[in-house]
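Per-entry structural report
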Amino acid sequence: MPTLLHLDTSPRIESATRRITAEFAAAWRAANPDGTHVHRDLAARPVAHVDAAQIAVMHRLESGEVRDLDVARDAALTPEERASWALTWDLVEEVRAADTLVLGLPMHNFSLPATFKAWFDRLVIPPLVVDPATGTGPLSGKQVVVITARGGAYGPGTPRHAYDFQEPYLKAAFGMVALADDLTFLHAEMTKSGHVPRLAGFQGLAATSLKQALEGARLQAQRVRV
């Protein structure tokens, strides 16, 4: 049965990204009534940042050119390493089990929430990195849908397009672990127009952008994957 991994990162329960990821999840469940929906709220339960213990394990895997996941699972040696690696391994297994990932990532100061970065940094272990000989990895073939919300407009042709560091970063970062093969971005823009007076004139644009993102989420969730 298919599995959806649903990640939220916004601290605001009423945020645009949470609304859109919830729409995606509802449509996905309707299209996959026998599927499994796993929700991880990184704002409510942040993942610990990478620490010295994880780095020690990672260095041994890299030095030994270890690409076997079964070998990597037992690579921690000290109590500190085992504690850190257990947290990492839970995240790895959760992503491996998912067929589809939907990620709610509001723009924070032109970039991504720190809670997401902590999660992703834990995930990027040597056996999951794309094999340069084949161009594939253990996470190849998954559908990934990224939902963003931006206070302004950052799409092509806008004055701030050059300041969109979300899409370029995620394409490169996800590509490193084979999560960019089927990668879709849905953006809700001008979200600050509802409460910033100087942006009030863009409320119509914001409403249209949100509507398009919600519709896009429903369509992506209903895709038939073979």
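See the structure shown above.
Now for a look at the structure at hand. Remember, predicted model here, so these are calculated numbers, not experimental data. (Residues numbered from 1 in each chain as written. Predicted model: local features only at pLDDT ≥ 70, side-chain atom pairs only at ≥ 80, totals over all residues. Heavy atoms only, no water.)

**Examining the packing of aromatic side chains**
Scanning all chains against the criterion turns up seven aromatic pairs. Ring centres of Trp85 and Trp89 lie 5.9 Å apart, and the angle between their planes is 40°; on these two criteria the pair is classed as tilted. One end of the pair is Trp85 and the other is Trp89, both in helix α4 (residues 79-97) and four residues apart, which spans about a single turn. Just as Trp85 is buried, Trp89 falls in that class too. Aromatic side chains Phe116 and Trp119 sit 5.7 Å apart centroid to centroid with 35° between the ring planes, which places their arrangement in the tilted category. You can see Phe116 and its partner Trp119 sitting in helix α5 (residues 114-123), three residues apart, about one turn around the helix. (Phe/Tyr/Trp six-rings, centres within 6.5 Å; stacked < 30°, edge-to-face > 60°. Helix = DSSP H or I, 4+ residues; strand = E, 2+ residues; numbered from the N terminus. Buried < 20%, exposed > 50% of the residue type's maximum accessible area, 1.4 Å probe, protein only.)

**So, the pairing of strand β3 (residues 100-106)**
Taken across its seven residues, β3 has seven buried, putting it largely inside the fold. In this sheet, β3 lies alongside strand β1 (residues 3-8) in parallel orientation, the contact comprising five bridges. The residue bridging His6 from the neighbouring strand is Val102, located in β3. With seven bridges joining them, β3 and strand β4 (residues 143-149) adopt parallel strand pairing. If you follow Leu103 over to β4, its bridge partner there is Val146. As a crossover connection, the stretch from β3 through α5 into β4 is right-handed. (Pairing = 2+ DSSP bridges. Right-handed = clockwise from strand over helix to strand, strands pointing away.)

**Let's talk about the pairing of strand β2 (residues 36-41)**
Examined bridge by bridge, β1 and β2 share six bridges and lie parallel to one another. What sits directly across from His6, in β2, is His39. In this region the chain leaves β1, passes through helix α1 (residues 16-31) and returns to the parallel neighbour β2; the handedness of that crossover is right-handed.

**A look at the nonpolar core**
Ranked by size, the top nonpolar core spans 39 residues in total, and within it Leu103, Phe116, Trp119, Phe120, Val146 and Phe174 carry the most contacts. Per-element tally for this core: the top contributor is α4, with five residues. Discounting chain neighbours no more than four positions away, the residues touching Val146 are Leu103, Leu105, Leu170, Phe174, Leu183, Thr184, Phe185 and Leu186. Core analysis: the second largest hydrophobic core is formed by 16 residues, Phe24, Ala25, Leu186 and Leu210 among them. (Core = buried A, V, L, I, M, F, W, Y, C linked by side-chain atoms within 4.5 Å. Contact = heavy atoms within 4.5 Å.)

**Regarding the side chain of Thr100**
The residue Thr100 is located in strand β3 in this model. Here Gln143 takes part through its side chain, which lies 3.3 Å from a polar atom of the side chain of Thr100. (Polar contact = N/O pair within 3.5 Å; in protein donor to acceptor, adjacent residues only side chain to side chain.)

**Remarks on the environment of Leu214**
Note on placement: Leu214 falls in helix α7 (residues 203-221). According to the relative accessible area criterion, Leu214 is buried, its value standing at 9%. When the C-alpha positions of Leu214 and Phe24 are compared, they lie 7.8 Å apart, and in sequence the two are 190 residues distant. Setting aside chain neighbours within four positions, we find Leu214 in contact with Arg19, Ile20 and Glu23.

**So, α1**
Spanning 16 residues, α1 covers 23 Å between terminal C-alpha atoms, matching the ideal 22 Å at 1.5 Å per step. The complete set of buried residues in α1 reads Ala16, Thr17, Arg18, Ile20, Thr21, Phe24, Ala25, Ala27 and Trp28. Lining the buried residues of α1 we find β1, β2, β3, β4, β5 (182-188) and α7. (Expected span 1.5 Å × (residues − 1).)

**Quick look at the sheet that holds β3**
Read from one edge to the other, the open sheet built from five strands follows the order β2-β1-β3-β4-β5, with strand pairing classed as parallel. In this open sheet, the two strands that pair with only one neighbour each are β2 and β5. The average angle at which neighbouring strand axes cross in this sheet is 15°, direction not considered. Along the sheet, α5 makes contact with β1, β2 and β3, crossing β3 at roughly 145°. (Axes fitted to C-alpha atoms, helices over the stretch in contact; angles between N-to-C directions.)

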